[in-house]
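# Structure assessment
For reference, the chains in residue letters:
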Amino acid sequence: MLKIIDDTHPSLREKSVAVSLPINEENRALLLEMLEHLAMSQDEVLSEKYHLRSGVGLAAPQVGVNKRLIAIYYPKDEEKKQYVKYGLVNPRIVANSVRECYLSNGEGCLSVPLDHPGHVYRSFKITVEAFDIVTNKDIVIVARGYDAVVLQHEIDHLDGILYYDRIDARKGQLDDPKALAI
Ligand SMILES: [Zn+2]
């Protein structure tokens, strides 16, 4: 079982290092375990049994490993049993829209126990390049809206940035009327 560290831990403020490819077994196993953790956290029975907070994304620094690895897992269409599922190595945002969006209910983070209310403005659309262990390929992801928010939140962890830093950075500014509420 992975132990998630909270935002008092210095690992969450460090810049993580790139992972060499082809990915070794240790790093692959860690990413698989991170994906498993997310799936368990969304399962009613298992999350209660192991006292897991439900999460859709996890970055390696959150388990105390400062490597550029992120796991993302959440249902896209529950009826069709479709999931957004990535185990990304060295994800890079190579393009982002000027247009912004924010989650109207605010963001949450498995490493942040306290609620930090406020809008977290992020690009509405991004393009990410990475190696993905789910498909075992170099991939290019074009993500919009919620999908783009989750990716940006997790990639921020690799640079030691937490979501409330972005709230604090824009404090005192008027809400952006052009940003899309999701
Ligand atoms: Zn987080």
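### Examining helix H3 (residues 145-158)
Note that an α-helix has 3.6 residues per turn; residues three or four places apart therefore point the same way. Its 14 residues give H3 an end-to-end C-alpha distance of 21 Å, which sits within 8% of 20 Å, the value for a rise of 1.5 Å per residue. Counted residue by residue, H3 has ten buried out of 14 residues, so it is predominantly covered. Where H3 is concerned, the buried positions are Ala 148, Val 149, Val 150, Leu 151, Gln 152, His 153, Glu 154, Ile 155, His 157 and Leu 158. Where H3 ends, the next residue or the one after it, Gly 160, has phi of about 75 degrees, a positive value.

### Thoughts on unusual backbone geometry
Leave glycine aside and you will find that most residues have negative phi; peptide bonds, for their part, are mostly trans. Following Leu 21, the chain continues to Pro 22 via a peptide bond in cis, the omega torsion being 0 degrees. Looking at the element boundaries, Pro 22 is found in the segment before helix H1 (25-41). In this structure, His 51 takes a positive phi of about 55 degrees despite not being glycine. Looking at where His 51 falls in the secondary structure, it is placed in the loop between helix H2 (44-49) and strand S1 (57-59). With a phi angle near 60 degrees, Asn 136 is a residue other than glycine that sits in the positive phi range. Residue Asn 136 is classed as exposed on the basis of its 12 C-beta neighbours within 10 Å.

### Focus on the sheet that holds strand S4 (residues 100-102)
Ordered in space as S5-S4-S8, the three strands form an open sheet in which the pairing is mixed. Because the sheet does not close on itself, it has two edges, and the strands there are strand S5 (122-123) and strand S8 (180-181). Bridge analysis of S4 against S5 gives two bridges, and the strand direction is antiparallel. When the sheet's bridge partners are listed, Cys 101 is paired in S5 with Arg 122.

### A closer look at the nonpolar core
Counting 34 residues, the largest nonpolar core has Ile 70, Ala 71, Ile 72 and Leu 151 as its most contacted members. When contributions to this core are tallied by element, the ones reaching two or more residues are H1, S1, strand S2 (69-77), strand S3 (82-96), S4, strand S6 (125-132) and H3. With six residues, the single largest contributor to this core is H3. If we skip the residues at most four places from it in the chain, Ile 70 touches Gly 57, Ala 59, Leu 88, Pro 91, Glu 154 and Ile 155.

### Comments concerning the pairing of strand S7 (residues 137-144)
Bridge analysis of S6 against S7 gives eight bridges, and the strand direction is antiparallel. Bridge pairing links Lys 125 to Arg 144 in S7. Between the end of S6 and the start of S7, which pair antiparallel, lie four residues, with Asn 136 showing a positive phi angle near 60 degrees.

### Points about the pairing of S3
Alignment of S2 against S3, held across eight bridges, turns out to be antiparallel. In the sheet register, Asp 77 faces S3, and the bridge partner there is Gln 82. Counting the residues that bridge the hairpin from S2 to S3 gives four residues, and of these Lys 81 lies at a positive phi of roughly 55 degrees. The sheet contact formed by S3 and S6 spans six bridges and is antiparallel.

Scoring rules and cut-offs
Residues numbered from 1 in each chain as written. Predicted model: local features only at pLDDT ≥ 70, side-chain atom pairs only at ≥ 80, totals over all residues. Helix = DSSP H or I, 4+ residues; strand = E, 2+ residues; numbered from the N terminus. Expected span 1.5 Å × (residues − 1). Buried ≥ 20, exposed ≤ 12 C-beta atoms within 10 Å, placed from the backbone. Pairing = 2+ DSSP bridges. Core = buried A, V, L, I, M, F, W, Y, C linked by C-beta atoms within 7 Å. Contact = placed C-beta atoms within 7 Å.

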